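# Coordinates in review
Below, each chain spelled out in residue letters.
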Amino acid sequence: MRLSLLLLLLLLTSPPPTPSMEDAAFPHLGESSRPPPHTCPPRCSCPRADTVHCNGLDLQVFPDNITRAAQHLSLQNNQLQELPYNELSRLSSLRTLNLHNNLISSEGLPDEAFESLTQLQHIYVAHNKLSVAPQFLPRSLRVVDLAANQVTEIFPLTFGEKPALRSVYLHNNQLSNAGLPPDAFHGSEAVTTLSLSSNRLSYLPPSLPPSLERLHLQNNLISKVPRGALSRQTHLRELYLQHNQLTDSGLDATTFSKLHHLEYLDLSHNQLASVPAGLPRALAVLHLGRNRIRWVEAARLRGARGLRYLLLQHNQLGATGLPAGALRPLRGLHTLHLYGNRLDRVPPVLPRRLRALVLPHNHVTTLGARDLAGMPGLAELNLAYNRLVSARVHHRAFRPLRALRSLDLAGNQLTRVPGGLPGSLHTLRLQRNQLRALEPELLASLDQLRELSLAHNRLRIGDIGPGTWHELQALQVLDLSHNELSFVPPDLPEALEELHLQGNRISHVGSEAFLSTPHLRALFLRANRLHMTSIAPEAFLGLLHLSVVDTAGNPEQVLVRLPPRAARQPQVGGP
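All values derive from a computational prediction rather than experimental measurement. Numbers given to residues run from 1 along each chain, matching the order in which its sequence is written. Local features are withheld for residues below a pLDDT of 70 in this predicted model, meaning they are given only at 70 or higher, and side-chain atom pairs are given and counted only at 80 or more; totals for whole chains, interfaces and linings count all residues. As a rule here, side-chain values cover all heavy atoms of the structure and leave hydrogens and water aside.

Another aspect to go through is a positive patch on the surface. Only residues whose relative accessible area exceeds 30% and that take part in no salt bridge are eligible for patches, with like-charged residues grouped when within 9 Å of each other and nonpolar side chains (Val, Leu, Ile, Met, Phe, Trp, Tyr) grouped when within 5 Å. Computed with a 1.4 Å probe, the accessible areas rest on the Shrake-Rupley method; for each residue, only the protein chains presented here act as cover. The working definition used for a salt bridge is a side-chain nitrogen of Lys or Arg within 4 Å of a carboxyl oxygen of Asp or Glu. For the purpose of counting charges, residues Lys and Arg are taken to be positive, whereas Asp and Glu are taken to be negative. His and the chain ends are not included. Where a charge sits is defined by one atom per residue type, namely NZ (Lys), CZ (Arg), CG (Asp) or CD (Glu). Together, Arg 281, Arg 302, Arg 305, Arg 331 and Arg 353 make up a region of like positive charge exposed at the surface. Counting from the N terminus, the helices are the DSSP runs of H or I reaching at least four residues and the strands are the DSSP runs of E reaching at least two. By the secondary structure assignment, Arg 305 is in the loop between α5 (298–301) and β13 (309–311).

If you want it as structure tokens, here you go:
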């Protein structure tokens, strides 16, 4: 009995055993399920035993009491200038280290800093002040982010000999080709994403990982892709080379020919005078905007038969640069962008399956009866800011487009709504023309139209014929702003939800102005000629859904009386 009491007394008075780092990381089976004791640095948060968050605390010194069991450590958005080796070396279980947005320099990041972090998988040191990359990073890494520093040089073991490495981010640095060793990725055969954009590279670096799927090289000084530089990257799917200095002589017929899986190629904002040769069959998106292309040759596109999106905006095609049939090989083409090319007509013989044709800011003056007939599936047509006049738009020009849903004719010189518009239209933009009349018969077939913009024309109330809105039973948005209307047009469509009347000459809103539009939600009346008593008290009585009324910019502050339900919702008003 006395022996039992003695043993019990010894057990109660003995200090509890201190778990070693190994015990804390890997508790023995059969022991208590209570987590091992750990401390959290002051002002930090530790949501789990293996996670420490010390973000945005203006720390200038690395925390000194981080648990050895930590696997995820985040110190982003602080003012750290260095990483002490003795503190970092004891955190050998780390898998994620986030140092984003500090003041760490290369001098504050000793070469041996990461030697003991043999389990580290993700390291984020973007937005710091590194001038060179760390000479050694752990072999276990999967993601490295050194973006937005001042890095001029990387070393063979910065990224080399890392079989698990998947993603490397080096954009927004000061790397030149001299700062990239030829064996920079030797032994790292699993890298799929590499970002080298916004550096100082003058040619495409050789010896890139053959496993690459996404390669970002935009915003450099690249004028040449050396022959064979991309011959091993057969898995590449996305290649970004925009905003460089590429010319036709900097590419050859083999540059892209081995990239059998390439789907996205961006060569915009360069100095190319022609479409590159040797484009791969799998290519789906080709961006050639903002170059100096004067001529599109059908033979250059023959290999890219799978192309879906071709962007040629802001080149120099002119009247002859896109000859008939030049795009005929692209049978599956979905979208064609030709913005700002000084074209004087719609290009003839375009792919029959085209769904979107974007031609704004050209010199198109005429639309003939057959100019659009070869594209029966066209759903979007943009001819804004050309030189179209009503007399030279054939009344059957749009009739073949049975599937058209969006038509943009803004910024032309039209004096009347074109005839023969397809009934499939959902959106019609006619702002910034010279419209002086709205004829009911020209809008009669548009029973699916949901949005109509007539802003910045010369329309007066007397120019809107009786019954003009009668067939527009699906119309939800109507923009009549910046015309010469003296009051709210009568008999507006019942489905209307948004009505723009700003910038007119409206001086009075009668009690029956909105009787036909019970679903109205937003009304814009700013910059008219309204005074304090210009709006009849009953004008908004039936508009139970009205939530926005904008009457600012009138000669006097306008008081708006909304029905009880609408009055509880936001509204805009003022002088």
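What follows continues from the structure just given.
Let us now look at the pattern of salt bridges. Within this structure, the stated rule accounts for 13 salt bridges. Of the charged contacts, one joins Glu 439 and Arg 416 as a salt bridge, the two residues approaching to 3.2 Å between their closest N and O atoms. Taken together, the positions of Glu 439 in the loop between β18 (427–429) and α6 (440–443) and Arg 416 in the loop between β17 (406–408) and β18 put the pair 23 residues apart, joining distant regions of the chain. A salt bridge links Glu 497 to Arg 521, with the shortest nitrogen-to-oxygen separation between them at 4.0 Å. With Glu 497 in the loop between β20 (477–479) and β21 (498–500) and Arg 521 in the loop between β21 and β22 (522–524), this residue pair connects regions lying 24 residues apart in the sequence. Note on Arg 521: relative accessible area 41%, which makes it partly exposed. Throughout this description, buried means an accessible area under 20% of the type-specific maximum (1.4 Å probe, protein chains only), exposed means over 50%, and partly exposed covers the range between.

At least two DSSP bridges between two strands are needed for those strands to be called paired. In this structure, strand β1 (residues 45–48) lies alongside strand β2 (residues 51–53), joined through 2 bridges in antiparallel fashion. Residue pairing across strands places Ser 45 opposite His 53, the latter belonging to β2. Remark: 2 residues form the turn of the hairpin made by β1 and β2, two consecutive strands paired antiparallel.

Now for the packing of aromatic side chains. Think of it this way: a Phe, Tyr or Trp ring, Trp meaning its six-membered ring, pairs with another when their centres are within 6.5 Å, and the plane angle makes it stacked under 30 degrees, edge-to-face over 60, tilted otherwise. Within the structure shown, the criterion is met by 3 aromatic pairs. Geometrically, the ring pair formed by Phe 159 and Phe 185 is stacked, given 5.8 Å between the ring centres and 10° between the ring planes. Of the two residues, Phe 159 is situated in helix α4 (residues 156–159) and Phe 185 in the loop between β7 (167–169) and β8 (193–195); the sequence distance between them amounts to 26 residues. On the accessibility criterion, Phe 185 (6% relative accessible area) is buried. On the numbers, 5.6 Å between centres and 20° between planes, the contact of Phe 514 with Phe 540 is stacked. Pair noted here: Phe 514 is in the loop between β21 and β22 and Phe 540 is in the loop between β22 and β23 (548–550), with a separation of 26 residues, a long-range link. The exposure class assigned to Phe 514 is buried, which follows from its relative accessible area of 3%.

Position of Leu 59 relative to the elements: it lies in the loop between β2 and β3 (72–74). Residue contacts are counted whenever heavy atoms from the two residues lie within 4.5 Å of one another. Among residues more than four places away in sequence, those in contact with Leu 59 are Arg 43, Cys 54, Leu 75, Asn 78, Gln 79 and Leu 80.

Two cysteine sulfur atoms form a disulfide, by the criterion used here, when they sit within 2.5 Å. If you walk through the whole model with that rule in mind, you get 2 disulfides. Covalently, Cys 40 is tied to Cys 46 through a disulfide, its sulfur atoms 2.0 Å apart. Handedness here is read from the sign of the S-S torsion; for Cys 40 and Cys 46, about 85°, the answer is right-handed. Each sulfur of the disulfide joining Cys 44 and Cys 54 lies 2.0 Å from the other. In this structure the cystine formed by Cys 44 and Cys 54 twists about its S-S bond by roughly 115°; its chirality is therefore right-handed.

With the exception of glycine, most residues fall at negative phi, and the peptide bonds are largely trans. The phi dihedral of His 269 falls on the positive side, at around 60°, and the residue is not glycine. Here His 269 is to be found in the loop between β11 (264–266) and β12 (285–287). With phi around 60°, Arg 342 is a residue other than glycine that occupies positive phi space. Mapping Arg 342 onto the fold places it in the loop between β14 (335–337) and β15 (356–358).

All right, on to the side chain of His 287 then. Looking at where His 287 falls in the secondary structure, it is placed in strand β12. With a relative accessible area of 15%, His 287 lands in the buried category. A distance of 3.3 Å separates the side chain of His 287 from the backbone nitrogen of Gly 289, its partner in a polar contact. The contact partners of His 287, leaving out residues within four places of it in the chain, are Leu 265, Asp 266, Leu 267, Ser 268, Leu 311 and Gln 313. What qualifies as a polar contact is a pair of N or O atoms within 3.5 Å, subject to a donor-acceptor requirement within protein and to the restriction that residues adjacent in sequence count only when both atoms come from side chains.

By secondary structure assignment, the location of Leu 515 is in the loop between β21 and β22. Taking the C-alpha atoms as reference, Leu 515 lies 46 Å from Arg 352; in sequence the two are 163 residues apart.

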